[in-house]
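The residues making up each chain are set out below.
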Amino acid sequence: MRTLLVQLPIPPLSHEAVRGNVPYAAGCLVLYARGVGAVHEGDIAILPSREANRLGDRALLEAILGYHPDVVGFSTYLWNSERTRHLAARLKERAPGLRIALGGPEVSPDNEWLWNAGVADHAVTGEGEAAFAALLAGPEASRPPPLASLDAVSSPYLAGVLPVEPGEPFLLETSRGCRFACRYCSYPQGYDRTLRASPERISANLRYAREHGATEVCFLDPTLNQRRDFADFLRLLSEANLPPRLPLDAELRAESITSEHARLLREAGFRELEIGLQSVSPEAQRLMGRRTPLDLFERGVRALRAEGIRAKVDLIVGLPGDTPETVRAGMRFLRDRDLFDSIQVFPLAVLPGTAFRHDAARLGLSFDPRPPYLVHRTPLLGPDDIAGLLAEAEEVFDLTFDPVPPPDFAATDGPDLARVLAVDLWREDPAIPPRTASFMTLRLSTRDAFATRRRAARLIRDLLTAEPFSGLQVILETPEPFPFDVFEAIEEAFAQPERPYHETVRSHLPGRPPTARRIAVVLPAAARAEAGEDWVRDAAVHAEVFFRHGERFVPAGQDGRSPA
């Protein structure tokens, strides 16, 4: 039985190479299935990152079918489950006998959105290695035993299942299971015990990472310092991660960090750590099952920063028990005490498999049933409150959430994949290339944008029908300003049934320009006076406006005039 495992990335917003989509979970599945004899080496494969990260929907479908699989297993996360569902349905259409297996955090009995799609023949919840191996071995085989330790699966790199990819983090899981019970997190519900990798296996992984050119090691442990032997563990890492030390990255809780821990973290190679504060409200902390004494949190962050370790701190907006004032108090606490080097502020996601999802009605949580399951309302926070607090956080911390990448005027086609489609709307009505990238540039030129608006809209609609989960930047170059009916036609073409993930993430930020499907308008420099300030200002609601000076594209407002 031929099996292919697939993990799709966070959808790209530019032509930059996708980073961070390492199919580690698939590597563990392969390693365990081979170890218990559920599958032979040649009968199971992982779709290479080069294909998973680059290909548009149709090309990805053909790539998967090219492996002639009997079973396709998808690792599902909130950022890829909609596209996974779409591809699974298309695979079923093309190969009706193909079986689809879903695993990952999205697979939970309470995820009705996923089950209603009807695309899964098999679903693996929680710890997946033994369940997946049983699926491959068949109903007549004895069920493989559950993992006794992480040593059986902690080395997909050492076993040659995963390559050490240039520019990608080397992932390392040293413990599985979490003794904490944060109610917004699905992890505690997926694992009822704690497993560890042996010191020998941890050291072997770090040596392998260094010897094979890794540039960073990222720990997958849910909370690095939940272990009772934390100081000894850090000494082990320091001994194994020899100078010049690889940078290490992990997530931990600051309230139990001492000065000694901070020193040992630095000596081991940690340069930045992610730390969840989430809320300063005692009531919100109680309801989310994560009590954080603020004096101890501050002590821990200061100890880390004193050792030169950067603190990346998280706040959640939309927690039950929080009010607008307590959310603001959390922002002030971090800002006024200077307790972060970087900050992440994001709306609550009511994730499948979490206690918050189970108790949503009792807690008064209204949320989107589709990924990423963002909260709309709590008993103390309405939609306007949540949007306003996120906007305030940008001001307080001087940052922009999910900034829109600038237009890429220099984008070119790849040798094997269409990345740019250049069309003269006045002359052409082209077909969509059969193999396109997961992010596309559509360069449209026309001598009359209004007269050709329907042709532009039809082309965009055809492209997004063929590639519903592609990111798309439309660059419209025309000699003179045009009526805004042109924007209306293009934006109507953008409105496809499939919702881009990034637009859903930004749904709490009304009035923001779109990220996944966006427009840039290019006018000649000579048209600047004709355009005028009013046209440029109003057009900026729909698109980024540029004026062309030879081969230079100058943004409106940076050419000595202001669109404001």
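Given the structure is predicted, the values throughout are model-derived calculations rather than measurements.

Engineer: Which parts of the structure should I look at to understand the packing of aromatic side chains?
Structural biologist: Two aromatic rings are characterised by how far apart their centres lie and by the angle between their planes. Counted by the stated rule, this structure contains 13 aromatic pairs. Here phenylalanine 297 and phenylalanine 333 contribute two aromatic rings whose centre-to-centre distance is 6.2 Å and whose plane-to-plane angle is 45°, an arrangement assigned as tilted. Placement of the pair is phenylalanine 297 in helix H12 (residues 294-306) and phenylalanine 333 in helix H13 (residues 324-336), with a sequence separation of 36 residues. No difference in accessibility class separates phenylalanine 297 from phenylalanine 333, as the two residues are buried. A network of ring pairs unites the aromatic residues Phe482, Phe484, Phe487 and Trp535 as a single cluster. Directly above the ring of phenylalanine 233 sits arginine 227, whose terminal nitrogen or CZ lies 4.0 Å from the centroid.

Engineer: Whenever I open this one, the side chain of threonine 515 confuses me. Can you help?
Structural biologist: You can see threonine 515 is positioned in the loop between helix H19 (501-505) and strand E19 (517-524). Not counting residues up to four positions away in its chain, the partners in contact with threonine 515 are Leu13, Asp402, Val404, His502, Glu503 and Arg506.

Engineer: Which parts of the structure should I look at to understand the sheet that holds strand E2 (residues 44-46)?
Structural biologist: Sheet strands associate in pairs through backbone hydrogen bonding, adopting either a parallel or an antiparallel arrangement. Strand order across the open sheet formed by five strands is E2-E1-E3-E4-E5, with parallel pairing between neighbours. Unpaired on one side and paired on the other, E2 and strand E5 (122-123) mark the two borders of the sheet. Summarising the sheet, strand E3 (residues 71-75) and strand E4 (residues 99-103) pair through five bridges and their orientation is parallel. Residue pairing in the sheet places serine 75 in a bridge with glycine 103 of E4. Contacts between helix H1 (residues 24-35) and the sheet are confined to strand E1 (3-6), E2 and E3, with E2 contributing the most and set at about 165° to the helix.

Engineer: Looking at this structure, I do not really get the pairing of E3. What am I missing?
Structural biologist: Regular strands show a simple pattern: their side chains alternate between the two faces of the sheet. Summarising burial for E3: five of the five residues are buried, a large majority. Of the two faces of E3, the one lined by Val71, Gly73 and Ser75 and the one lined by Val72 and Phe74 are each fully buried. Across four bridges, the pairing between E1 and E3 is parallel. When the bridges of E3 are listed, threonine 3 appears paired with valine 71.

Engineer: Mind showing me how you'd approach the nonpolar core here?
Structural biologist: Soluble globular proteins: nonpolar side chains tend toward being buried together. Phe219, Leu237, Leu265, Phe270 and Leu334 are the most contacted members of the largest nonpolar core, which has 102 residues in total. At eight residues, the largest contribution of residues to this core is made by H1. Dropping the residues within four chain positions of it, leucine 237 is found in contact with Ile202, Leu206, Phe219, Leu248, Ala268 and Phe270. Core analysis: the next-biggest nonpolar cluster, separate from the first, contains 36 residues, Leu463, Ala493, Phe494 and Ala531 among them.

Engineer: Explanation requested: the sheet that holds E19 in the structure shown.
Structural biologist: The sheet built from six strands is open, its strands ordered E16-E17-E18-E19-E20-E21 with mixed pairing. The outermost strands of the open sheet, each flanked by one partner alone, are strand E16 (418-424) and strand E21 (552-555). Sheet twist, expressed as the mean angle between neighbouring strand axes with direction ignored, is 25°. Bridge count between E19 and strand E20 (residues 544-549): five bridges; the pairing is parallel. Looking at the pairing, proline 524 lines up with arginine 548 of E20. Across the sheet, helix H18 (residues 485-494) touches strand E18 (471-477) and E19, and the angle it forms with E19 is around 155°.

Engineer: Sorry, what's going on with the packing of helix H9 (residues 230-240) against helix H10 (residues 259-268) here?
Structural biologist: Relative orientation and spacing of two packed helices are given, respectively, by the angle between their axes and the distance between those axes. Two numbers describe how H9 lies on H10: the axes approach to 8 Å, and their chain directions differ by 20°. For the element pair H9 / H10, the angle class is roughly parallel. Note that H9 runs across H10; the crossing there is left-handed. Contact with H9, carried on its side by Phe230, Ala231, Leu234, Arg235, Leu237 and Ser238, involves Glu260, His261, Leu264, Leu265, Glu267 and Ala268 of H10 and no other residues of that element. For the contact of H9 with H10, the class distribution of residues is seven nonpolar, two polar and three charged.

Engineer: I would appreciate a short explanation of the pattern of salt bridges in the present structure.
Structural biologist: Oppositely charged side chains are able to pair whenever their charged atoms sit close together. Under the definition given, this model contains 38 salt bridges. The partner of glutamate 272 in a salt bridge is lysine 312, with the nearest N and O atoms 3.9 Å apart. In this pair, glutamate 272 is assigned in strand E11 (residues 270-278) and lysine 312 in strand E12 (residues 310-317), connecting sequence segments 40 residues apart. Exposure remark for lysine 312: the relative accessible area of 23% places this residue in the partly exposed category. The residue arginine 537 makes a salt bridge to aspartate 534 at a minimum N-O spacing of 3.0 Å. Placement of the pair is arginine 537 and aspartate 534 together in helix H20 (residues 528-539), with a separation of three residues, close to one helical turn. Of the residues examined, arginine 537 reaches a relative accessible area of 36% and is grouped as partly exposed. The structure contains a network of salt bridges with shared partners spanning Glu127, Glu129, Glu173 and Arg176.

Engineer: Would you explain unusual backbone geometry in this entry?
Structural biologist: Trans is the common state for peptide bonds, and a negative phi is the common state for residues other than glycine. A cis geometry characterises the amide bond from proline 243 onward to proline 244, with omega recorded as -10°. If you trace the backbone, proline 244 turns up in the loop between H9 and strand E10 (248-252). In this model, proline 371 is joined to proline 372 through a cis peptide bond whose omega is 0°. Relative to the helices and strands, proline 372 is located in the loop between strand E14 (366-367) and strand E15 (375-377). Positive phi is not limited to glycine here, since histidine 68 has a value of about 50°.

Engineer: Would you mind showing me how to read a negative patch on the surface here?
Structural biologist: Among the surface-exposed residues, Asp485, Glu488, Glu491 and Glu492 lie close enough to one another that they form a single negatively charged patch. With respect to the helices, strands and loops of the structure, glutamate 491 is situated in helix H18. The exposure class assigned to glutamate 491 is partly exposed, which follows from its relative accessible area of 31%.

Engineer: Looking at this structure, I do not really get H13. What am I missing?
Structural biologist: Residue pairs three or four apart in sequence face the same way in an α-helix, which turns once every 3.6 residues. Here H13 spans 18 Å end to end across 13 residues, near enough to the 18 Å set by a 1.5 Å rise per residue. One or two positions beyond H13, positive phi appears at aspartate 338, with a value near 55°.

Engineer: Honestly, the state of the cysteines in this entry has me stumped. Any pointers?
Structural biologist: Covalent bonding between the sulfur atoms of two cysteines defines a disulfide. Tallied over the entire structure, the rule returns zero disulfides. Here cysteine 28 is not disulfide-linked; the sulfur of cysteine 218 is the nearest cysteine sulfur, at 14 Å. As a non-bridged cysteine, cysteine 178 has cysteine 182 as the owner of its nearest cysteine sulfur, 6.4 Å distant. According to the relative accessible area criterion, cysteine 178 is buried, its value standing at 19%.

Analysis parameters
Position numbers for residues start from 1 in each chain and track the written sequence from start to end. Totals for whole chains, interfaces and linings use all residues, but because this is a predicted model, local features are given only for residues with pLDDT of at least 70 and pairs of side-chain atoms are given and counted only at 80 or more. Neither water nor hydrogens contribute to the side-chain values; these are computed over all heavy atoms in the structure. Stacked, tilted and edge-to-face are the three classes assigned to paired rings of Phe, Tyr and Trp, where Trp is represented by its six-membered ring and a pair needs centres within 6.5 Å; plane angles under 30 degrees give stacked, over 60 edge-to-face, the rest tilted. By the criteria applied, helices consist of DSSP H or I runs no shorter than four residues and strands consist of E runs no shorter than two, each listed in order from the N terminus. When accessible area is computed with a 1.4 Å probe and restricted to protein chains, residues below 20% of their type maximum are described as buried, those above 50% as exposed, and intermediate ones as partly exposed. Any Lys NZ or Arg CZ found within 6 Å of a ring centre and within 35 degrees of that ring's normal is scored as a charge over the ring. In what follows, a contact means two residues having at least one pair of non-hydrogen atoms within 4.5 Å. DSSP calls a pair of strands paired once it identifies at least 2 bridges connecting them. Helix axes use the C-alpha atoms of the stretch in contact, all axes being lines fitted to C-alpha atoms, and the angles between their N-to-C directions lie in the range 0 to 180 degrees. Nonpolar cores are built from buried Ala, Val, Leu, Ile, Met, Phe, Trp, Tyr and Cys residues. Side-chain atoms within 4.5 Å join them into one set. Each angle gets one of four labels, with under 35 degrees taken as roughly parallel, over 145 as roughly antiparallel, 65 to 115 as roughly perpendicular, and the rest as oblique. Note: crossing handedness is left-handed where the near helix turns anticlockwise from the far helix by less than a right angle, and right-handed where it turns clockwise. Gly falls in the polar group here, along with every residue not listed as nonpolar (Ala, Val, Leu, Ile, Met, Phe, Trp, Tyr, Cys, Pro) or charged (Asp, Glu, Lys, Arg). By definition, a salt bridge exists where a carboxyl oxygen of Asp or Glu is found within 4 Å of a side-chain nitrogen of Lys or Arg. Only residues whose relative accessible area exceeds 30% and that form no salt bridge enter a patch; like-charged residues are grouped when within 9 Å of one another, and nonpolar side chains (Val, Leu, Ile, Met, Phe, Trp, Tyr) when within 5 Å. Using a 1.4 Å probe, the Shrake-Rupley method yields the accessible areas, and only the shown protein chains count as cover for residues. Here Asp and Glu are counted as negative and Lys and Arg as positive; His is not counted, and neither are the chain ends. By convention, the charge on Lys lies at NZ, on Arg at CZ, on Asp at CG and on Glu at CD. A helix is expected to span 1.5 Å for every residue after the first. Cysteine sulfur atoms are paired as a disulfide whenever they fall within 2.5 Å.

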